[in-house]
Amino acid sequence: MITTYLTSWRGIVIGGREYLEGEIAEAHRDPSAEFARELGEWDGFHYTERTPDGAWLVLVREPSPPTERWWLHSVLLILTILTTTLAGAALVGPPDILLRVPSPATLLSGLPFSLPLMGILCGHETGHYLMARRYRVNASPPYLIPFPPHFNLVGTMGAFIRLRAPVFDRRTLFDIGVAGPLAGMVIAIPVLVAGLAMSDVVPGATGLPLAHQFVNFDGTRVMVGDSLLLVGLRALAAPDGVLRLHPAAFAGWVGLLVTMLNLMPLAQLDGGHIAYALVGRGQLWVARAFWGVLLALGFLWGQWWLWAALALLLGRGRLGHPPVVSPRRALTPGRRLTALAAALLFALSFMPVPLPTVTP
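Residues numbered from 1 in each chain as written. Predicted model: local features only at pLDDT ≥ 70, side-chain atom pairs only at ≥ 80, totals over all residues. Heavy atoms only, no water.

Peer 1: I tried to follow the nonpolar core on my own but got confused; where do I start?
Peer 2: Within soluble globular proteins, side chains that are nonpolar tend to cluster in buried spots. In terms of nonpolar packing, the biggest core is built from 68 residues, with Leu196, Phe250, Met264, Leu266 and Trp304 touching the most fellow members. Per-element tally for this core: the top contributor is helix α8 (residues 247-262), with 9 residues. Those residues in contact with Phe250 that lie beyond four places of it in its chain are Leu91, Phe113, Leu153, Val154, Val215, Val224 and Leu245. If you look at the next biggest cluster of nonpolar residues, it comprises 16 residues, including Tyr129, Met131, Ala132 and Ile176. (Core = buried A, V, L, I, M, F, W, Y, C linked by side-chain atoms within 4.5 Å. Buried < 20%, exposed > 50% of the residue type's maximum accessible area, 1.4 Å probe, protein only. Helix = DSSP H or I, 4+ residues; strand = E, 2+ residues; numbered from the N terminus. Contact = heavy atoms within 4.5 Å.)

Next up, the structure:
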């Protein structure tokens with residue numbers, strides 16, 4: 001029995017999954033040959049973790065995986081490709097393109113925007129999904145959300161996965177939460193750099209405070225906001241001046257915006273997962289403080305008030321993150337460094353005014 005190699009243990013069943021958690025006896029932490037043999041015969045999944053408090057083992061035995069509605073995910077993917085491609089065509093096509101049925105050639109002109117954007121969104125959600133599957137957490141494949149580009153410039157409301165069972169511990173929660181933003185940014189930053197290099201300086205154009213680039217969307221100039229990361233990348237990849245963004249650069253900019261919004265430390269956003277995994281119940285106080293910052297920023301950009309309301313909606317009226325099943329163990333030093341990197345990424349990608357309502 002595996003429990004004979006543990007000094008203390010407990011078993012629990014959640015959502016049909018059987019968990020066994022325990023502290024490994026000191027003599028078997030390497031592990032010993034007999035303990036390794038027992039683990040090899042376990043008909044499930046397991047992982048170990050060394051902490052200052054000792055070495056811990058978590059074993060998971062899962063039921064048959066659920067039947068996924070792949071047809072629904074496929075339909076949403078195709079529709080989102082179409083709506084984002086239409087948005088891309090509006091960035092490069094003649095004015096009022098959204099008021100008529102585009103030709104195939106016109107529609108294809110939107111691919112330099114839609115394909116990088118879809119890569120960023122799918123990369124972000126696939127990071128979450130694969131990490132959830134690694135820990136045998138019951139998670140849905142990504143849902144892409146198509147949206148008419150007439151109303152939001154980009155043709156999508158993003159993507160998400162559903163965690164259909166409680167997360168067992170803070171380590172698992174952290175790894176799932178941080179995997180999405182990191183995976184998305186691995187794609188977004190090269191896309192943004194390449195797009196900036198293909199963007200054009202517009203002679204005589206004037207920027208706005210906190211916004212020094214724009215896109216022409218369906219014949220209308222739309223300024224898009226600065227972040228510290230964008231300013232730094234512009235200095236490396238683009239000439240000085242007000243830029244008309246290449247569609248790929250705009251896709252990269254949207255990737256920064258999506259990452260920044262997801263990293264807010266509120267409720268069940270990615271940042272909420274990370275903050276709860278890092279400081280436990282202290283995440284509530286972090287969330288309350290940041291929510292107050294959003295309310296103040298609303299006087300600078302009114303849509304922050306909408307995001308403050310959406311955060312409450314996502315948390316079902318709460319800013320705090322729901323507890324995990326086993327919250328007692330703190331994160332490892334490596335994960336704490338990764339959390340610091342995620343916080344730095346949030347600070348560098350934060351846009352005080354993503355879309356100014358006034359154009360020069």
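Peer 1: So what exactly am I meant to see when it comes to the packing of aromatic side chains here?
Peer 2: Aromatic rings in a pair are described by how distant their centres are and how their planes are angled relative to each other. In this structure the tally under the stated criterion is 11 aromatic pairs. Look at Tyr19 and Phe168: their rings are 4.7 Å apart centre to centre, the planes differ by 5 degrees, and that puts the pair in the stacked class. Linking Tyr19 in strand β2 (residues 17-24) with Phe168 in the loop between β6 (156-160) and α6 (170-197), this pair joins segments that are 149 residues apart in sequence. Per residue, the accessibility class of Tyr19 equals that of Phe168, and both read buried. Judged by centre distance (5.5 Å) and plane angle (10 degrees), the ring pair of Trp304 and Phe350 falls under stacked. Separated by 46 residues along the polypeptide, Trp304 in helix α11 (residues 303-314) and Phe350 in the segment after α12 (333-349) bring together distant segments of the chain. Residue classification places Phe350 among the buried residues on the basis of a relative accessible area of 17%. Directly above the ring of Phe214 sits Arg221, whose terminal nitrogen or CZ lies 4.0 Å from the centroid. Directly above the ring of Trp285 sits Arg288, whose terminal nitrogen or CZ lies 4.7 Å from the centroid. (Phe/Tyr/Trp six-rings, centres within 6.5 Å; stacked < 30°, edge-to-face > 60°. Lys NZ or Arg CZ within 6 Å of the ring centre and 35° of its normal.)

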